[in-house]
Amino acid sequence: MWSQTFFIVCLVSVIWAGVFPNYHANFDFVQWDKEKTLDEYEAGVKWWQTASFYQIYPRSFKDTDNDGVGDLKGITEQLPYLKEIGITATWLSPIFKSPMADFGYDISNFFQIDPLFGTMEDFDNLMKEANRLGIKIILDFVPNHTSDECEWFQKSVKRDPFYKDFYVWHPGKIINGVRQPPSNWVSVFRGSAWEWNEERQEYYLHQFVKKQPDLNYRNPLVRSTMKYVLEYWLAKGVAGFRVDAVPHMFEKAPDSAGNWPDEPRNPSVNDPDDYGYLQHIYTVNQPETIDMVYEFRKVLDDFKAHHGGDERILMTESYSPLPIVMQYYGNATAEGAQIPFNFLLLEEVGNNSNAYNYAETINKWLKNMPQGRTANWVLGNHDKSRVGTRLGADRIDMMNMLTFTLPGCSVTYNGEEIGMTDVWISWNDTVDPSACNSNPDIYESLSRDPERTPFQWNDGYMAGFSKAKKTWLPISPLYKDVNVEKERQQPLSHLNIFKELQELRKEPTIRHGQVEVKALKQNVLGVKRYLLHDYTYVTLMNIFDEVESFNLQQAFSNIPDEMVYHIVTEKSKVKKGDRVQSSTITLQPKEAVILKSPSKLSTTVGYYLYYTQEEEPHH
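The text that follows walks through the structure, step by step, so that each part is easy to find. None of these values were measured; they are calculated from a predicted model.

## Considerations on the overall build of the protein chain
Regarding its fold elements, the protein chain presents 19 helices and 23 strands. In terms of its C-alpha atoms, the protein chain occupies a principal-axis envelope of roughly 80 × 65 × 50 Å. Looking at the protein chain as a whole, 59% of its 619 residues qualify as buried. Sequence-distant contacts in the protein chain: of pairs separated by 6 or more residues, those separated by 24 or more amount to 70%. Total accessible area on the protein chain stands at roughly 24,700 Å², and carbon and sulfur atoms take up 51% of it.

## A look at the sheet that holds strand 21 (residues 579–581)
Read from one edge to the other, the open sheet built from six strands follows the order 16-17-18-23-20-21, with strand pairing classed as antiparallel. In the strand order of this sheet, the two ends are held by strand 16 (514–521) and strand 21, each with one partner. Strand-to-strand twist of the sheet, defined as the mean angle between neighbouring strand axes without regard to direction, takes the value 30°. Looking at chain direction, strand 20 (residues 562–567) and strand 23 (residues 592–596) are connected through three bridges and run antiparallel. Counterpart to Val564 in the pairing with strand 23 is Lys596. Relative to strand 16, helix 11 (residues 355–368) is tilted by about 160°, and along the sheet it contacts strand 16, strand 17 (524–530) and strand 18 (537–542). On the sheet, helix 13 (residues 396–405) packs against strand 17, strand 18, strand 20 and strand 23 and is oriented at approximately 150° with respect to strand 18.

## Topic: the sheet that holds strand 5 (residues 136–141)
Sheet architecture is open: eight strands sit in the order 13-12-11-5-2-1-15-14, paired in parallel fashion. Since the sheet does not close on itself, it has two edges, and those belong to strand 13 (339–340) and strand 14 (376–378), each with one partner. The pairing of strand 1 (residues 52–56) with strand 2 (residues 89–92) spans four bridges and is classified as parallel. Pairing of Tyr54 across the sheet is with Thr90, part of strand 2. Sheet strands in contact with helix 8 (residues 287–307) are strand 5, strand 11 (240–243) and strand 12 (313–316), and its direction is about 155° off that of strand 12.

## Some points on helix 5 (residues 120–133)
For the α-helix, the turn length of 3.6 residues means that residues three or four positions removed from each other point alike. An ideal rise of 1.5 Å per residue puts 20 Å on 14 residues; helix 5 measures up with 20 Å between its terminal C-alpha atoms. Within helix 5, the full set of buried residues consists of Asp122, Phe123, Leu126, Met127, Glu129, Ala130 and Leu133. Count one or two residues on from helix 5 and you reach Gly134, which has phi positive near 75°.

## With respect to the pattern of salt bridges
Note on pairing: side chains with opposite charge can pair once their charged atoms come close. Taken as a whole, this structure holds 40 salt bridges when the rule is applied. For Asp301, the salt bridge identified is with Arg297, shortest N-O distance 3.0 Å. One end of the pair, Asp301, and the other, Arg297, are both in helix 8, four residues apart, so they sit about a helical turn from each other. Given the relative accessible area of 29%, Asp301 is considered partly exposed. For Arg297, a relative accessible area of 5% puts it in the buried group. Between Lys506 and Glu503 there is a salt bridge; the shortest N-O distance is 2.9 Å. Look at Lys506 and you get exposed, because its relative accessible area is 54%. On the basis of relative accessible area, Glu503 is assigned to the partly exposed category, the value being 47%. Because the salt bridges share partners, they merge into one network encompassing Lys46, Arg297, Asp301, Glu311, Glu335 and Arg373.

## What about the environment of Trp169?
Along the chain, the position of Trp169 falls in strand 6 (residues 169–170). As for Trp169 and Tyr203, which are separated by 34 residues in sequence, their C-alpha atoms are 5.6 Å apart. Setting aside anything within four residues of it in sequence, one finds Trp169 in contact with Phe153, Ser156, Val157, Lys164, Asn197, Arg200, Glu202, Tyr203, Tyr204 and Trp260. Separated by 2.9 Å, the side chains of Trp169 and Ser156 make a polar contact.

## A closer look at the packing of aromatic side chains
According to the stated counting rule, one finds 38 aromatic pairs in the structure shown. Centroid distance Tyr217 to Phe250: 5.9 Å. Interplanar angle 50°. Geometry classified as tilted. Linking Tyr217 in the loop between strand 10 (202–205) and helix 7 (220–235) with Phe250 in the loop between strand 11 and helix 8, this pair joins segments that are 33 residues apart in sequence. Judged by relative accessible area, Tyr217 falls into the buried class, the value being 1%. An aromatic cluster of three or more residues is present, and its members are Phe110, Trp152, Phe153, Phe162, Tyr163, Phe166, Tyr167, Trp169 and Tyr204. Above the plane of the ring of Phe404 lies Arg505, whose end atom (NZ or CZ) is 4.9 Å from the centre. We note Lys518 situated over the ring of Phe556; from NZ or CZ to the ring centre the distance is 5.5 Å.

## A look at the side chain of Thr405
Mapped onto the elements of the fold, Thr405 is located in helix 13. Within polar-contact distance, the side chain of Thr405 engages the side chain of Thr539 at 2.9 Å. Residue contacts for Thr405: discarding those within four places in its chain leaves Leu504, Val527, Arg529, Thr539 and Ile594.

## A look at the side chain of His382
Inspection of the secondary structure assignment puts His382 in the loop between strand 14 and helix 12 (387–390). For His382, the side chain forms a polar contact with the side chain of Gln55, separated by 2.9 Å. For His382, the residues in contact, after removing those within four places along its chain, are Gln55, Tyr57, Trp91, Ser93, Tyr105, Arg242, Tyr413, Arg448, Glu451 and Arg452.

## Some words on helix 11
With 14 residues, helix 11 extends 20 Å from end C-alpha to end C-alpha; this agrees with the ideal 20 Å at 1.5 Å per step. Those residues of helix 11 that sit buried are Ala355, Tyr358, Ala359, Thr361, Ile362, Asn363, Trp365 and Leu366. Sitting at the amino-terminal end of helix 11 is Asn354, which places a side-chain oxygen 2.9 Å from the backbone nitrogen of Tyr356.

Cut-offs and rules
Residues numbered from 1 in each chain as written. Predicted model: local features only at pLDDT ≥ 70, side-chain atom pairs only at ≥ 80, totals over all residues. Heavy atoms only, no water. Helix = DSSP H or I, 4+ residues; strand = E, 2+ residues; numbered from the N terminus. Buried < 20%, exposed > 50% of the residue type's maximum accessible area, 1.4 Å probe, protein only. Contact = heavy atoms within 4.5 Å. Areas by Shrake-Rupley, 256 points an atom, 1.4 Å probe, with all protein chains shown as cover. Pairing = 2+ DSSP bridges. Axes fitted to C-alpha atoms, helices over the stretch in contact; angles between N-to-C directions. Expected span 1.5 Å × (residues − 1). Salt bridge = Lys/Arg side-chain N within 4 Å of Asp/Glu carboxyl O. Polar contact = N/O pair within 3.5 Å; in protein donor to acceptor, adjacent residues only side chain to side chain. Phe/Tyr/Trp six-rings, centres within 6.5 Å; stacked < 30°, edge-to-face > 60°. Lys NZ or Arg CZ within 6 Å of the ring centre and 35° of its normal.

Right, here's the structure in full:
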């Protein structure tokens, strides 16, 4: 009897694999008498696993003291807006004491608020209001470097016993009687990664601008000090940290003589000052970096163990190869980042990508993700061109629909919910060091200013961002039409579709259901979410400019004869609530819709349920 049952199970497995070729093989079978109730599903979900995260770039969010730069009071004032649009938690780009050589990523004091943004009292008030509204605050943690104006660096220059080896120092090499940098390493922001310090008579390493000396993580005093930074802000009530530039934390260990090897050339780049001129095999993605992330995670877990409350999280920034990014999640013996940022949609999907490209990119993350982990989907940030510019303003709604109906959590960059796009910035107005270190001929390809322009609140003076005569970056010329106040009044605006998507994310199927992602045609992507005893939802995207028709029942199994339009856009000729025959669905050019089954799913293929890796149940 057992062998017969086993044969049937195997047969269903083969059939299932044929029906769902995009799925990985690691799945589990759960009999109906072991179904999870909704309460059981909910009991197993941590707050961040289905959260909607929102990045605020503080300089550009809201200015209350009219100096042209956003501040903490401005964020506090607009927290109700975050509540309105369904945000779970917001992470703030750096607000710490800084000379602003890299707009706050050059920190001179990790324990103080920069006066540009306000005071510690302002921060405490921000935390109180956020707690009142139920919005969690996540801070940017910059572990790789400090400012050269940081007290630690000043003491290291003077060879203070505690700080002497806090940074990466080297006397350099003497070649033909001339002192030269220790190696050929190049800065991310162009030019040598080594800078001579006259007082100490040594070079220091800076993988970013020269005012950002790299900390020496091979020194245990550095590791313990940076862990204390985490503990300090955890005690202030923050819910976690976004960890900046993680892959750069460690360099290859020096040899017995204290020297480092040169990095090999990248023959496809001919500009010796360009970061791409070298293959970075000694300065990024060193194995010790992964272990350091695990150590940071332990600080958060230990804090929770002693102080209680919700789990505190790490979100790590790494544009590393996928196998390395997956290690950030943790391993069999150590927990890592809950959210190693998934930048695949930023890196692999472009203006000409078709539905097969989209499906491959999305399934790549789901297939490679370690078992028991949670997926995340990032569409934009302060370093990347905005979605509407990168993929087209006519694809903004479809991209939000996509990321909000995939399993796991989403990360939205401020302004993407209203459809802000990049703003052209002249060479004279350019302030980003990445661009300023270049020249007028190439600066546009290096500048991150276009995606950092002030938030557009209304169609009034300075888009409601500030009352200053001049803002730190120019306001978008499109602000009269693209702003919060105007879009609140338009039923099918980017903002209102974003809000509808947030409501949809509360549905059990979207929170807990299984997923299937596939190209229905060259131009049409489909995402099916389904859960036993609940509704099935299908997101459909027509990526290009032709009218597309197809049979949804041939694309996905268990689709009822009729579906209901649940979310539509301005491009739709149909209305929310309209019904459509599943066998003959038509999408207008660049149209995206979300369909819902008329009733709850009561059967599955065969006798078993399929679970994706990140949702596999524990027995």
